[in-house]
Structure formats: structure tokens, C-alpha cells
Protein chains: 2
Amino acid sequence: MGGPELERLIGLFAKLPGLGPRSARRIVLKLLRERETRLLPLAEALEAVAASVRTCSVCGNLDSCDPCMICVNPARERRICVVESVADLWALERALIYRGTYHVLGGSLSALAGRGPEDLAIASLLERLERDPPEEIILAMPATVDGAATGHYLAEKLKRYGVPVSRLAQGVPMGGALEVLDEGTLATALRARRLA
Amino acid sequence: MGGPELERLIGLFAKLPGLGPRSARRIVLKLLRERETRLLPLAEALEAVAASVRTCSVCGNLDSCDPCMICVNPARERRICVVESVADLWALERALIYRGTYHVLGGSLSALAGRGPEDLAIASLLERLERDPPEEIILAMPATVDGAATGHYLAEKLKRYGVPVSRLAQGVPMGGALEVLDEGTLATALRARRLA
């Protein structure tokens, strides 16, 4: 029902992460009810992004300029925070605590997924270090098996550059009630305990 | 981060029903990672829908032709199923059981929301009845207070046309375990019980 154009649009929405046929129909009906204020602006915004947003050739961030606004900002500290994805980079930026630059790997090493070092942006990271050595490298990998493996691999690779390499702390997350935390997090938090 | 175009796109996604800033960012990153297969097709599909889809001047359905494919289909039975919204019409079509036509009211009567008969597509329904009386009118209102009020109002209005008026049955939904059903549904199902 609704004609082929509508079916196609619902199908495209339904394949987006977190959506399905039901939520896609709900969204499309909403867009059609508010054509001028929602449907057309969304179509235009998608085209603007497609036309303007590119991957930063230095760090791998997404931005409408290349190098990105973070890489060209002279007020940024000369540290590099290595992250798995642009989503992780944005999460750290939202925390408003880090003032350095980034390097997006594009994934973690994964034996299961068959992803080796050559599939990640590691060569470009090493080039950056040789061209312009930073004061510190922070490995901000996720606390997963693959994330840990990637961190170990990078720490080993980075040794010979003589730059301090650090990792994110692991422990109880903010607002985390102990009773709902997994054993791994509890064990890590206990092992890494500090004097109060 | 990501530039003004990206911020704007995320903001538009975040305001869609069922989405928020977090899911909007996830969707936009996915779109950017698959620019050719997702981002551009979605932009094109939105424009195609904006250009082609209109409200059926007979029944209020959304389709790329006017009158819609259901209204112009001569194989459809000469019944009118009155629904609140296009979403409800689509839900009935998906059930593949109804072979008549529809009439979309555009809402229910609601004292709280200040919606009276003149705010719904009731005049156009009465015109349809006078122009071309159907064999039956089915009131497929939701089982809510407003839905019931709208059904009663319409049943009263429709009396003088001499057309049979029916309602959807109410009772235990398919797969509905009794212990999780609300008291209202249980009471209705018990009152409307039938010989086994």
C-alpha cells in the first residue's frame, strides 16, 4: 500500500540500525504528515551531508573540512587519543575533558572477523608519530577482548618511538550500582583499588 | 563535532518518533560509512516520496496516485471501513482479510485535545454515503475512550442512511496470556463470550 516510492522509503528506514518495519512505517507516516517541516528538511540535510562531509586524511574523523576542525585547531594539545571508531571520538568530545587530537583505527584486531593490523589505520598512525611526535598517546580501546588485544599490539608497536603511552582506567562506571555490574568489572575495580 | 551539516542531520533524525540523540548519531554514522548504498538512496527516496505521494481525495489514504489504488480497484467490495489514521489502514491491509475500501478520519473525537466532529473527515464520509451508498460501514476505532466516543457518534450520525453499521469485535488478542491482560479486556471478553 502507498505505492512503490513509499514502500521503498519504508524499506530503507527499516534497515537502519535500531529500526524495523514497524518503526520505519511510523517514522515515514510522521514525515508525510509534516512534509514541509520534516520530510523536505531531512532530504536536504542528507544531500548536504553527502556533498560536504568527508573523512579527515590525518585522523579519520568525519567533518566538512579536511583536515578536520580538531586536527587544524592550534589550541589542541599535542596528544593523540587512539579510538576504534568515529562514534568513540564523538563520545570523548562530548565528555568535554580531552583537549588533544585523535586517531581513528576503523575497528579492532579480531581473529574471529579476520581483521589484522593491515585492515586498521595503524600505518598512518606510525607515520604521524614519525612526522610530528606527540607528547603522549592514549589508547582508548573498548574494554573487550578485541579491544584489549588491539591495545597490547599497539603498545608493543609504539615502544620504539619513545612517546609515553597510556590507557583509559577501568572500574565501576559512574552511577553503576554494584549489584548489577558484571564480575569482570567488579574484579578489575577491586584489583585497581586506590587509597581513599 | 562533524561540522554544521552533520549536526543538523543528527538533530533532524533525533526528533523522529522513537529516536533520540544517541540513536540518531548511530544511524548517521552508519549512513556515512555506507554512503553509496544507504545515504544517497535514502535522500533520493525521500525526495521521490515528497514529489509523488499525496493524500487520496476520496478516502484519505496516502499513495502516489489520487484516488488511491484501493479506491480505484474495481475488485474491492463496496464496504467502507472507517479508521482513525493511515497507520491503522495499513495495519488492516497487512492482515490480508479485508477486501473493501476505507475512510481515514484523521483522529478521534477528544474533549481533552479539543477535537470535535468538524476536525475529522466526517463531512466527506457522509458525502460519500450520499453519492454512492456502500453495502456496509465498519467502524474500526481503537478500543480507547476517545475511540469508543467517536464510534458512538458516528453510529448515531449514520443511522439515517439505512446502511448496516458494524464494529470490530473486542476480546482476548491472539497469543494473549490471560494473566498479563488488563481487567477491561478480560471483562469485555467474558461479556462477549460465545458458545464453543
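Residues numbered from 1 in each chain as written. Chains lettered and ligands numbered in written order. Predicted model: local features only at pLDDT ≥ 70, side-chain atom pairs only at ≥ 80, totals over all residues. Heavy atoms only, no water.

## Observations regarding the overall build of chain A
No. 1: Along chain A, the regular secondary structure elements total 8 helices and 6 strands.
No. 2: Sequence-ordered secondary structure for chain A, helices as α and strands as β, is α-α-α-β-β-α-β-α-β-α-β-α-β-α.
No. 3: Relative to the compact-globule value of 16 Å for 196 residues, chain A shows a C-alpha radius of gyration of 21 Å, a clear excess of over 25%.
No. 4: Along the first, second and third principal axes, the C-alpha atoms of chain A reach 60 × 45 × 35 Å.
No. 5: Expressed as a percentage of the 196 residues in chain A, the buried residues total 44%. (Helix = DSSP H or I, 4+ residues; strand = E, 2+ residues; numbered from the N terminus. Rg over C-alpha atoms; globule rule 2.2 N^0.38 Å. Buried < 20%, exposed > 50% of the residue type's maximum accessible area, 1.4 Å probe, protein only.)

## Structural notes on empty space enclosed by the protein
No. 1: Applying the stated criterion across every chain, the model contains 1 cavity of 30 Å³ or more.
No. 2: Empty space within the largest cavity amounts to approximately 30 Å³.
No. 3: Around the largest cavity, the lining residues are Leu31(A), Arg38(A), Leu42(A), Leu12(B) and Leu16(B). (1 Å grid on protein atoms, 1.4 Å probe; cavity = no way out; pocket = protein on both sides within 12 Å on 5 of 7 lines; lining within 4 Å. Points joined across faces, edges and corners; volume = space filled by probe spheres on them.)

## Observations regarding the domain arrangement of chain A
No. 1: Splitting chain A by domain gives domain 1 (4-52) and domain 2 (62-167).
No. 2: Averaged C-alpha coordinates put domain 1 of chain A and domain 2 of chain A at centres separated by 34 Å. (Domains from an automatic or database assignment.)

## Re the UniProt feature "zinc finger region: C4-type" (unreviewed entry) in chain A
No. 1: Annotation from UniProt places "zinc finger region: C4-type" (unreviewed entry) at residues 56-71 of chain A.
No. 2: Here residues 56-71 of chain A is 19% helix and 12% strand, with 8 Å between the C-alpha atoms at its ends. (UniProt positions renumbered as here; feature names shortened; annotations may be inferred.)

## Focus on helix α7 (residues 145-158) of chain A
Residue and element names in this part refer to chain A.
No. 1: With 14 residues, α7 extends 20 Å between its outermost C-alpha atoms, agreeing within 8% with the 20 Å of an ideal straight helix rising 1.5 Å per residue.
No. 2: Along α7, the positions that sit buried rather than exposed are Gly147, Thr150, Gly151, Leu154, Ala155 and Leu158. Angularly, the buried residues of α7 cover 135 degrees about the axis, an arc narrow enough to put them on a single face. When the buried face of α7 is taken as reference, the exposed residues oriented beyond 90 degrees from it are Val145, His152 and Glu156.
No. 3: Where α7 is buried, its residues meet β3 (79-83), α6 (123-131), β5 (136-139) and β6 (165-167). (Expected span 1.5 Å × (residues − 1). Arc of directions from axis to C-beta. Contact = heavy atoms within 4.5 Å.)

## Topic: the sheet that holds strand β6 (residues 165-167) of chain B
Residue and element names in this part refer to chain B.
No. 1: Spatially, 4 strands are ordered β4-β3-β5-β6 in an open sheet, and the strand pairing comes out parallel. Bordering the open sheet on either side are β4 (101-104) and β6, each of which pairs with just one other strand. The mean angle between the axes of side-by-side strands here comes to 25 degrees, regardless of whether they run parallel or antiparallel.
No. 2: Here 4 bridges tie strand β3 (residues 79-83) to strand β5 (residues 136-139), and the two strands are oriented parallel to one another. Residue pairing in the sheet places Arg79 in a bridge with Glu136 of β5.
No. 3: Its contacts with the sheet place helix α5 (residues 86-94) against β3 and β4, and it is angled at close to 160 degrees to β4.
No. 4: Sheet strands in contact with helix α6 (residues 123-131) are β3, β4 and β5, and its direction is about 150 degrees off that of β4. (Pairing = 2+ DSSP bridges. Axes fitted to C-alpha atoms, helices over the stretch in contact; angles between N-to-C directions.)

## A word on the packing of helix α1 (residues 4-14) of chain B against helix α2 (residues 21-33) of chain B
Residue and element names in this part refer to chain B.
No. 1: Packing of α1 against α2 leaves a shortest axis separation of 8 Å and a crossing angle of 125 degrees. The orientation of α1 with respect to α2, classified from their angle, is oblique. Between α1 and α2 the crossing geometry is right-handed. Note on element contacts: α2 touches α1 through Pro21, Ala24, Arg25, Ile27, Val28, Leu31 and Leu32, opposite Leu6, Leu9, Ile10, Phe13 and Ala14. (Parallel < 35°, antiparallel > 145°, perpendicular 65-115°, else oblique. Left-handed = near helix turned anticlockwise from the far one by under 90°.)

## Regarding the relation of the copies chain B and chain A
No. 1: With an RMSD of 0.1 Å, the fit of chain B onto chain A corresponds to turning through 180 degrees and sliding 0.1 Å along the axis. Given the turn and translation reported, the copies of this chain are related as if by a two-fold rotation axis. When C-alpha positions in chain B are compared against the rotation axis, the closest is assigned to Ala43(B), at 2.5 Å.
No. 2: Here 100% of the interface residues in chain B have copies in chain A that are interface residues too; the copies meet face to matching face. (Least-squares fit on C-alpha atoms with pLDDT ≥ 70 in both.)

## Section: the UniProt feature "domain: Toprim" (unreviewed entry) in chain A
No. 1: UniProt tags residues 78-173 of chain A as "domain: Toprim" (unreviewed entry).
No. 2: For residues 78-173 of chain A, helix accounts for 33% and strand for 17%, while the C-alpha atoms at its two ends are 28 Å apart.

## Digging into unusual backbone geometry
The phi torsion of most residues other than glycine is negative, and most of the peptide bonds are trans.
All names here are of chain A.
No. 1: Cis geometry marks the peptide bond from Asp66 to Pro67; its omega dihedral reads 0 degrees.
No. 2: Inspection of the secondary structure assignment puts Pro67 in the loop between β2 (62-63) and α4 (69-72).
No. 3: Although it is not a glycine, Leu96 adopts a positive phi angle of roughly 55 degrees.
No. 4: With respect to the helices and strands, the residue Leu96 is situated in the loop between α5 (86-94) and β4 (101-104).
No. 5: Residue Leu96 is classed as exposed on the basis of its relative accessible area of 73%.

## Some points on the sheet that holds β6(A)
Residue and element names in this part refer to chain A.
No. 1: The 4 strands are arranged β4-β3-β5-β6 in an open sheet whose pairing can be described as parallel. The strands lining the two open edges of the sheet, one partner per strand, are β4 and β6. Direction aside, the axes of adjacent strands within the sheet are offset by 25 degrees on average.
No. 2: Packing against the sheet, α5 makes contact with β3 and β4, and its axis sits at approximately 160 degrees to β4.

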